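Letter by letter, the chains look like this.
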Amino acid sequence: EITSFSVMKGLFVVGVFQSFYGVLQYIGKYPSNHNSFAVTGSFDNPAGFIAVLSLLFPIGIFWCIKSKRLEQRLVFFSVGLILFSIIISGSRTGLLAVIISTISIFIIEFQLLSSIKFLIYFKLYEFSTIILAVSGLYTYSVWKPDSANGRLLIWNVSTEMIKDKPLIGFGYKGFQANYMSYQAQYFKENPNSSFKQLADNVTHPFNEFIKIAVNYGVIGLLLYIFLISIVFWIIFKSKHPQKNILVGMLVSFITISIFSYPLQYAPIWLLLIYLTLVAFSVRLYEKNLP
């Protein structure tokens, strides 16, 4: 257990250095790796930078809660640095991911749900959650509206692709190979569409679930959701001392997956493999307890 948290701390420190690199890019001390974005970290695109920081952010939150005095102050500063680097990158998805994962950690750590004893308080909590979700989605749409509308266009076209091959999809790289022809057909059928000015050469639907559905059909999507659900359930039901971190990391990944393409980056795969190994090792350990 101690070794597990030590590894997590090491991963968080890597994230701190990554965010510091991003800040140096923002102030012009180092060049960005992309012509259109000022902050990319060591990645070719801010998407990878944000995905990694979002998954490591829950480690810092938990570490800050558990530490004291000087250590807590240093960790708090480091968490703030990562948050600042996400903000200056201009990523709405990253902000949404760290907010949701932080809420998840606090709910588990302080047992907020179990403290709600009366129906009226539960209803108030439920109403507040809905308001926060709607507010977040509204903010997402009004901040960089062209980007948000561009995603809606891609998702609309992707829906047509799924309709044509719903069960097994178009196969490996099927989205990339077929999207542009579907987009052209979409505008042929909708010549007055307000999305027309947002048309672009698209290689990813900015949603991992949609991409899997296009490439491998509903069968592939259900299998993917099933695997994520198993890992999440094992972590959530475990007695792992850092369960909060694992849940937060998985929640961050799911949030990022809805609006971006984290699976295109090797570090994300390594973090997911680590999450899975920790989850199943804890499961095996707990099953063997007397």
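All values derive from a computational prediction rather than experimental measurement.

S.K.: Go over the overall build of the protein chain, please, and point to the residues and values.
M.R.: What the protein chain contains, in helices and strands, is 10 helices and 0 strands. The buried share among the 290 residues of the protein chain stands at 45%. Contacts spanning at least 24 positions in sequence make up 69% of the contacts within the protein chain whose residues lie at least 6 apart.

S.K.: Help me get a handle on the packing of aromatic side chains, residues and values and all.
M.R.: The tally for this structure, following the rule as stated, stands at 12 aromatic pairs. Both rings, one in Phe 12 and one in Trp 63, keep their centres 5.9 Å apart while their planes meet at 75°; by these two values the pair is edge-to-face. In this pair, Phe 12 sits in helix α1 (residues 2–26) while Trp 63 sits in helix α2 (residues 46–66), placing the two residues 51 residues apart along the sequence. Exposure class is identical for Phe 12 and Trp 63. Each is buried. One aromatic cluster is present, built from ring pairs that chain together Phe 43, Phe 206, Tyr 261 and Tyr 265. Sitting over the ring of Phe 236, Lys 243 keeps its end group 5.5 Å from the ring centre.

S.K.: An account of helix α4 (residues 92–109) is requested, with residue identities and associated values reported.
M.R.: An ideal rise of 1.5 Å per residue puts 26 Å on 18 residues; α4 measures up with 26 Å between its terminal C-alpha atoms. Its side-chain oxygen at 2.9 Å from the backbone nitrogen of Gly 94, Ser 91 defines the N-terminal cap of α4. Just beyond α4, the residue with positive phi is Gln 111, at close to 50°.

S.K.: For the side chain of Ser 19, give the residues involved together with the corresponding values.
M.R.: With respect to the helices and strands, the residue Ser 19 is situated in helix α1. For Ser 19, a relative accessible area of 0% gives the class buried. If we skip the residues at most four places from it in the chain, Ser 19 touches Phe 49, Leu 53, Leu 81, Ile 82 and Ser 85.

S.K.: Any chance you could break down a nonpolar patch on the surface for me, citing the residues and the numbers?
M.R.: Where nonpolar side chains cluster on the molecular surface, the patch consists of Trp 269, Leu 270, Ile 273 and Leu 277 and spans about 450 Å² of accessible area. Along the chain, Trp 269 falls in helix α10 (residues 266–287). Taking relative accessible area as the criterion, Trp 269 reaches 45% and is therefore assigned partly exposed.

S.K.: Quick one: what's the story with the side chain of Asn 215, residue by residue and with numbers?
M.R.: If you trace the backbone, Asn 215 turns up in helix α8 (residues 208–237). Among the residues examined, Asn 215 registers a relative accessible area of 4% and is labelled buried. Leaving out residues up to four positions away in the same chain, Asn 215 has contacts with Ile 168, Gly 169, Phe 170, Gly 171, Lys 173, Gly 174 and Phe 175.

S.K.: Break down the nonpolar core for me, with residues and values.
M.R.: As a rule of thumb, soluble globular proteins bury nonpolar side chains together. Ranked by internal contacts, the top residues of the largest apolar core, which has 59 residues, are Phe 253 and Ile 268. Secondary structure elements with two or more residues in this core: α1, α2, α3 (69–89), α4, α8, α9 (243–259) and α10. Here this core takes 14 residues from α2, the largest share from any one element. When sequence neighbours within four positions are dropped, the list of residues in contact with Phe 253 reads Leu 55, Tyr 224, Ile 228, Pro 262, Leu 263, Ile 268 and Leu 272. Counting 15 residues, the second largest nonpolar core, distinct from the first, contains Leu 153, Met 161, Tyr 179 and Val 202.

S.K.: A description of the confidence of the model for the protein chain should follow, citing residues and the corresponding values.
M.R.: On average, residues of the protein chain score 84 in pLDDT, and 82% of them reach the 70 mark or higher. When pLDDT is averaged over each element of the protein chain, α2 comes out on top at 94 and helix α5 (residues 119–142) at the bottom at 53.

S.K.: Can you break down unusual backbone geometry residue by residue, with the values?
M.R.: One non-glycine residue, Lys 173, lies in the positive phi region at around 60°. Take Lys 173: it is sitting in the loop between α6 (145–164) and α7 (174–189).

S.K.: Let's hear about the packing of α3 against α4: which residues, and what values?
M.R.: It is at 8 Å that the axes of α3 and α4 come closest, and there the two elements cross at 150°. Taken together, the axes of α3 and α4 lie roughly antiparallel to each other. Together, Leu 83, Ile 86 and Ile 87 of α3 and Gly 94, Leu 95 and Val 98 of α4 make up the contact between the two elements.

About the thresholds
- Residues numbered from 1 in each chain as written.
- Predicted model: local features only at pLDDT ≥ 70, side-chain atom pairs only at ≥ 80, totals over all residues.
- Heavy atoms only, no water.
- Helix = DSSP H or I, 4+ residues; strand = E, 2+ residues; numbered from the N terminus.
- Buried < 20%, exposed > 50% of the residue type's maximum accessible area, 1.4 Å probe, protein only.
- Contact = heavy atoms within 4.5 Å.
- Phe/Tyr/Trp six-rings, centres within 6.5 Å; stacked < 30°, edge-to-face > 60°.
- Lys NZ or Arg CZ within 6 Å of the ring centre and 35° of its normal.
- Expected span 1.5 Å × (residues − 1).
- Polar contact = N/O pair within 3.5 Å; in protein donor to acceptor, adjacent residues only side chain to side chain.
- Patch = residues over 30% accessible without salt bridge, like charges linked within 9 Å, V, L, I, M, F, W, Y side chains within 5 Å.
- Areas by Shrake-Rupley, 256 points an atom, 1.4 Å probe, with all protein chains shown as cover.
- Salt bridge = Lys/Arg side-chain N within 4 Å of Asp/Glu carboxyl O.
- Core = buried A, V, L, I, M, F, W, Y, C linked by side-chain atoms within 4.5 Å.
- pLDDT = per-residue confidence, 0-100.
- Axes fitted to C-alpha atoms, helices over the stretch in contact; angles between N-to-C directions.
- Parallel < 35°, antiparallel > 145°, perpendicular 65-115°, else oblique.

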